Structures are given as structure tokens and as C-alpha cells.
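Below are the chains, spelled out letter by letter.
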Amino acid sequence: MAMEKMSIAKALNESLRKALDTDPKVLIMGEDVGKLGGVFRITDGLQKDFGEDRVIDTPLAESGIVGTAIGLALRGYRPIVEIQFDGFVFPAYDQIVTQLAKMHARSLGKIKLPVVVRIPYGGGIGAVEHHSESPEALFAHVAGLKVVSPSNASDAYWMMQQAVQSDDPIIFFEPKRRYWDKGELDTESIPGQLHRASVARTGTDLTLVAYGPMVKVCLEAAAAAEEEGKSIEVVDLRSMSPIDFDAIQTSVEKTRRLVVVHEAPVFYGSGAEIAARITERCFYHLEAPVLRVGGYHVPYPPARLEDEYLPGLDRVLDAVDRSLAY
Amino acid sequence: MTVESTAAARKPRRSSKRTSAAKTPAKTSQSSGPELVQLLTPEGERVEHPDYSIDLTEDELRGLYRDMVLTRRFDAEATALQRQGELGLWASLLGQEAAQIGSGRALRDDDYVFPTYREHGVAWCRGVDPTNLLGMFRGVNHGGWDPNTNNFHLYTIVIGSQTLHATGYAMGVAKDGADSAVIAYFGDGASSQGDVAEAFTFSAVYNAPVVFFCQNNQWAISEPTEKQTRVPLYQRAQGFGFPGVRVDGNDVLACLAVTKAALERARQGEGPTLVEAFTYRMGAHTTSDDPTKYRADEERASWEAKDPILRLRTYLENVGAADEAFFTALDEESETLGKRVRDAVRSMPQPDRMAIFEHAYADGSALVDEERAQFAAYQASFAEEGK
Ligand SMILES: Cc1ncc(C[n+]2csc(CCOP(=O)(O)OP(=O)(O)O)c2C)c(N)n1
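Predicted, not measured: the structure shown is a model, and the values here were computed from it. (Residues numbered from 1 in each chain as written. Chains lettered and ligands numbered in written order. Predicted model: local features only at pLDDT ≥ 70, side-chain atom pairs only at ≥ 80, totals over all residues. Heavy atoms only, no water.)

K.L.:
So what exactly am I meant to see when it comes to the overall build of chain B here?
P.N.:
Counting its secondary structure elements, chain B contains 15 helices and eight strands. Seen through its principal axes, chain B has C-alpha atoms that stretch 75 × 65 × 45 Å. Expressed as a percentage of its 387 residues, the buried residues of chain B come to 52%. At a minimum sequence separation of 6, the contacts of chain B that also span at least 24 residues come to 75%. Of the roughly 17,100 Å² of accessible surface on chain B, a fraction of 51% belongs to carbon and sulfur atoms. Mean positive and mean negative side-chain charge positions of chain B (41 and 56 charges, respectively) differ by 9 Å. (Helix = DSSP H or I, 4+ residues; strand = E, 2+ residues; numbered from the N terminus. Buried < 20%, exposed > 50% of the residue type's maximum accessible area, 1.4 Å probe, protein only. Contact = heavy atoms within 4.5 Å. Areas by Shrake-Rupley, 256 points an atom, 1.4 Å probe, with all protein chains shown as cover. Lys, Arg positive; Asp, Glu negative; His and termini not counted. Charge placed at Lys NZ, Arg CZ, Asp CG, Glu CD.)

K.L.:
I tried to follow the side chain of asparagine 13 of chain A on my own but got confused; where do I start?
P.N.:
Residues and elements named next belong to chain A. For asparagine 13, the position within the fold is in helix α1 (residues 8–22). Among the polar contacts made by the side chain of asparagine 13, one reaches the main-chain carbonyl oxygen of isoleucine 42 at a distance of 2.9 Å. Ignoring any residue separated from it by four or fewer positions in sequence, one finds asparagine 13 in contact with Arg41, Ile42, Thr43, Asp44 and Leu46. (Polar contact = N/O pair within 3.5 Å; in protein donor to acceptor, adjacent residues only side chain to side chain.)

K.L.:
Whenever I open this one, the pairing of strand β11 (residues 232–236) of chain A confuses me. Can you help?
P.N.:
On any regular strand, side chains alternate: one points to one face of the sheet, the next to the other face. Residues and elements named next belong to chain A. Counting buried positions along β11 gives five out of five residues, so the element sits mostly inside the fold. Burial of the side chains of β11 extends over both faces: Ile232, Val234 and Asp236 are buried on one face and Glu233 and Val235 on the other. Where strand β9 (residues 198–201) and β11 come together, three bridges link them in antiparallel fashion. Bridge pairing in β11 links valine 199 to valine 235. Across five bridges, strand β10 (residues 206–210) lies against β11 in parallel orientation. Across the sheet, the residue bridging to threonine 207 is glutamate 233, located in β11. The handedness of the β10 to β11 crossover, carried by helix α8 (residues 214–227), is right-handed. (Pairing = 2+ DSSP bridges. Right-handed = clockwise from strand over helix to strand, strands pointing away.)

K.L.:
Explanation requested: the environment of serine 270 of chain A in the structure shown.
P.N.:
Residue and element names in this part refer to chain A. Tracing the chain through its elements places serine 270 in helix α10 (residues 270–282). Serine 270 has contacts with Glu136, Ala137, Tyr211 and His262, leaving out every residue within four places of it along the chain. A polar contact of 2.7 Å, which involves the side chain of serine 270, links it to the side chain of tyrosine 211.

K.L.:
So what exactly am I meant to see when it comes to a nonpolar patch on the surface here?
P.N.:
Where nonpolar side chains cluster on the molecular surface, the patch consists of Phe202, Val205 and Tyr206 of chain B and spans about 320 Å² of accessible area. We classify valine 205 of chain B as exposed; its relative accessible area is 59%. (Patch = residues over 30% accessible without salt bridge, like charges linked within 9 Å, V, L, I, M, F, W, Y side chains within 5 Å. Salt bridge = Lys/Arg side-chain N within 4 Å of Asp/Glu carboxyl O.)

K.L.:
How do you make sense of the sheet that holds strand β6 (residues 146–148) of chain A when you look at a structure like this?
P.N.:
Residue and element names in this part refer to chain A. Ordered by their spatial adjacency, seven strands build an open sheet running β3-β2-β4-β5-β7-β6-β12, and the pairing between neighbours is mixed. Sheet topology places β3 (55–57) and β12 (239–241) at the edges, where each strand pairs with a single neighbour. The sheet shows a mean angle of 20 degrees between the axes of neighbouring strands, taken without regard to direction. Seen against the sheet, helix α7 (residues 153–165) touches β2 (26–30), β4 (78–82), β5 (116–121), β6 and β7 (170–175) and runs at an angle of roughly 165 degrees to β7. (Axes fitted to C-alpha atoms, helices over the stretch in contact; angles between N-to-C directions.)

This is the structure:
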């Protein structure tokens, strides 16, 4: 076993390196991905080792990046494109939603578009506007796309491997404020499938469901709750489309209470989908309504107010208390 | 896992003929050439240009110098404040003072400006208090000024978006029969965005009174202009049906003259112009950036010799338009400005937490009202616990 402790950023870098190395059809494209190695250095050193033909600095045009990646995929390549920040994916949203998501269906399955769109997302880094958003629901709502987000180094590494190998377009959301968090990574044995949720902590009194940057907050909340004698299970969703409802159901049938936590606004968010489905599936098991903790229906606030906006330990624990009070 | 072993085994896959053809696009003619409008050489000599002339009083010349010096001082202070942790980020304009002051001073009060995020010098010319520019970089707001007070729109971070807003605004100006003009600032990187091409199309088709002012500072973060275009940027305009001109972006006189002429064309109903100010970003892209990863020190050094402020100083001294007393007084004024900015930033209050619920909608929203009330109740619960 090759166990190593590394950051999420490094795990992604290693995973991309492996992808380039394994399959000559894999390409990396984006703004500043070459010499600079991306503004978060996720592609650090890759152009140096694989050349400008494989790791491509693109013109500053997101629609162009995704649109040409579609063309390259039509020609048999497997592009991994980097969108520099969450808020800059929208110039490419048209290409992603109207083209990338739909060509497979329109061609009656003849066309496959194995494109990975990597997006560093979420807040908590004190950035200016358009650098802290969580637009995952906007993509999960679109049929034809798969949407995932790792929360730890091991998942970052393996989910990227699986995303690159997938023949479907994958929107790969990277929790940017966790890039520097370190975790154990076994580069040899593949853990779960790409769209399976995982139980990050077992418990019996209540289930917290989260993904990406919020998994850590939920684990901390569960640890704090334990000191008050509450046993909290934390499910790391990993995939926002499709969603592993079976895993959530299994957990909720045990704990009978569910709180969904994400950074994105609660209104029309992924928590709404989970609450509705789990209510359908587990109506007779539930002791409390499914609660949601997330952002408000306001523009992502300036940096000095983001701690008020982002769900933290207190807000998660408050929801836990409210659920347990039913 | 070993990284080195895998890296060594790689070979280019395509035939070398094809590869080399694809790999060597003709270098764009990006260096200064005869097409570059210049009125003041890097050595501080006044030269003439057949199409662009300018005649300024000594007072006006000193004014331009003062604008550039104070803008640079403000910028340096902001950079220092970022280093001291007072600002989350800063996008420095160091090296681009002439492009911004020259174009900014070409504007009339009733013209309208659509900046990107680095136009601190243009903001200065518009009379925006420089301390207002710092709120968004400190993280207390997303703007910090009323765009209509000085006809200076909010900074736009999404690359190129504002060129379309400028075009639409200019279409409105024309519809109203007004004779003002509109100017949109953007970078060489932004010129690749679809929005910018669409702005060119709309402005040409509707003959909108807009000037596109592209500051080609040679870099879009780590990407050189060659990664955006194979033709000199000013030549793009031709394909859209309006004139493009390249001006020495480190020459404040040329920038003033060229922008004035372009604005005049717009006022006369002759439609858009693209001005490419050929300049250089002396510092990092922003304080988060590390230019040593992608560019050579020699390049910066070669541009230092073209410094916009130095050349005007040389000229002022040579023609005796400014004496020692002027420069000394300006130094003092710079220090006062620096201190004012420093104090203003340090005393910016932490915004009220309820502010996140303000202004999401002009007419309000029941949903936001509900969330605001929940948030307030939640906050109040801490106060009670604390008792
Ligand atoms: C749509 C969009 N994509 C990416 C970015 C990230 N970004 C910010 S500035 C920048 C480079 C811009 O270069 P240029 O247009 O030349 O302007 P400069 O900063 O050099 O003045 C990039 C890629 C962004 N702000 N907006």
C-alpha cells in the first residue's frame, strides 16, 4: 500500500498527472493552467512535464474553453477544463447547458462527451465578489450533467480518476477553502464508486448530510454534539447529481432525523431535493421534518460578512437541536 | 508514487511536421512600431504626429503630472495596506498611469465610464474619492460609490462584461439625442471574451457613441498577449467596421490626444473606436499573483525605461515648466494623500451583519424578509444566552 498524507490540492495535482500519463487522449485546458499551474496551482508542473500540446493555456474566454473542449471530445479527446473561479463559469454556462449536457441524448447515444469541468467553488477565503459562490444546483438541475464534489484528499484523487474515465460530462466542484487540508491517501486501492455517498462518521441520533466544504463543518459539529451526549451520523454525499438516496435513506431509517447542510442558498438548493425525496422515502421513520442549513437568498456578501452567511458550527448545532426538539 | 519516472517516458505523438506547423503561429506584431501614436518619447522629448496633435498649457502639463504621481502614490499605499492585512486584495495599476490619466482627462463630465477593476487612475480623474475604491478590496462592500455621482460605473470583475453595458448605455445616449460619449475599459485578455466581440458588433451596427479603451499591459495573469490574439489588437476593429488605433500607453500626451479624438468622433455620430493603449503592468496581476512563475525580470526592466511619469518629468524640467518647488510640494501632497488613505482604510467600520439582507431586491422580497427575521432571532438568541 502506498499511503501518503497530502493536501486536496496535491491529490488533485497527482490525479491529473496520472490521468495525463495513463491516457494520451487526456488534455488539460484553461486560463493560466500552464506555467503558472493555475491560480491555485492545481496543475502545477504539468505543462512542464507533458508539454503545451497536452496542458493548454487558453485565451481568456470560458465559452470558448468549454465549446472547444466539446469539439475535442467529439474528435476523441478527453478534455479536463479548468474554470478559474465559480463566478466565471457563466460565460460558459450556455455551452455547458445547451450543448455539453444534451448532445449525447440528441445523437441517440452515438456521441459521448467525456469532458470534466473543474470549478474551484465556495466561500471562506475572504475573496472579492464572484470568487465564493456555490452554483452546484444550477448544474445538478440540468439533465445530462453529473455533478460531484470531493471533501477530502482521497476522494479528490479517486473521484478525479473516475470523472476522467466517465463518458459523461462531469462538473467537478473543488472546495477551494479545503485545498490545503491534508488527509490520508492510498493511491493504489480504489475506494467507492463515483456517485456513492460515504458515511464519514457513524451515529444514531441524527443524520447530517453534506458535501464538499461543509463536510468538515459537519464533522466538527458532530464531535461537539458528542460532548453533549448526542450521537450524530455524517453522510458525505460526494455526488450532487445523481444523489445516492439509498445511502441517505439507510442512515435516516437508523437515526430518524435529517439535517442537510450546504453553502449554497437554501432556496431551490440541493437540500430541497434531498428533503423532498427523503420525506417520501422515510415518512414513517422520520421523527422531525427534514431541516436545511445553508446560504440566504441574497448575493454572496462581501468578505467581512461571509462568516455570517456561511453555515458554521453554531448554525449546524442549532439545527441539530431544533430537530431533536421535535 | 514517483513523478519523475512517468515524466521521462513522454513523447510528442503527432508527426513532427504537423506539430511544428501547429506550434509556431506567426508572432503578433506586438512591439512598438510606426503604427504607435507617440507624442512624448521615453526620453522625454516632444514629437509630432500627423493625425494627433496636442497643445497644452504648462498648467495642464503639470496637472497631468500631478495626477499620475498621486495615482501612483495611492496605488502604492493600497499595495502596502494589502501587505499589512488591511485589504484582502489589491489590483495595482503601476505602469499604467499614463493610459489612465491620459484617457481619463480626455473625458467630459457628462461622459460615462465603464471600468474593469484596475482603473484607479480613471476614477481619480472622475473625482471619485480614492478611499471609496478600497471598500470592495477590504471586503466591506461590493462597490462603494454611486456610479451616477461621477458617471463612473462600478468596477466589473467578470472579464469583458462591462463592454456590453457601455455599448447599451451609448445606444441610449444616441437615442436621447445627447452629445456625450461613453468609454469602456478592458484588458488584452478580456479582448478574447465573447462579450467583447458582441460589444464590437452591437456598437458598430448601432453606431453607438462608445470608445473601447483596451489597456494592453502585455499580460492576462500569466498569459502573454500572444495567447489571446494573432493580430495586433487595434486591428481587430477593422473587421467590425470601425477604426482602431494603437497609442503608446506610457505617453500621457498621446493617450490624451487619441482618446479625445475618439470621443469626438463618437460625439459627432461617427460611432465607435477601439483604442489600444500599448503599456505594461509593472507589478503582479494582483497581490495574490506571483509573476516570477511566468515572466522574466529583464522584461520588466526594459519597460522601466519607458516609465510614464519619468518621461513627463524630464519634459517638464527640460522646458522649464516645473521647478523644484513644484516637485517638493507634490511630494508633500503625495504623503498627505497616503496618510489619508491609510487612516480611512483603518477606520472603515466592520459592516453591520444585517447588511447582508439589504438591497437584494429593489422592491423587497417576502423570502428575504423571512430569512432576515430568522437571522435576527437567531442572533438575538446568543445575546440572551450571554446574559
Ligand atoms: C469571466 C472571467 N474569467 C476569468 C476571470 C479571472 N481573471 C481575473 S483578471 C484575469 C486576467 C485579465 O487580463 P486582462 O484582461 O489582460 O486585464 P489585466 O488584468 O491585465 O488588466 C483573469 C483571468 C475573470 N475575472 N472573469
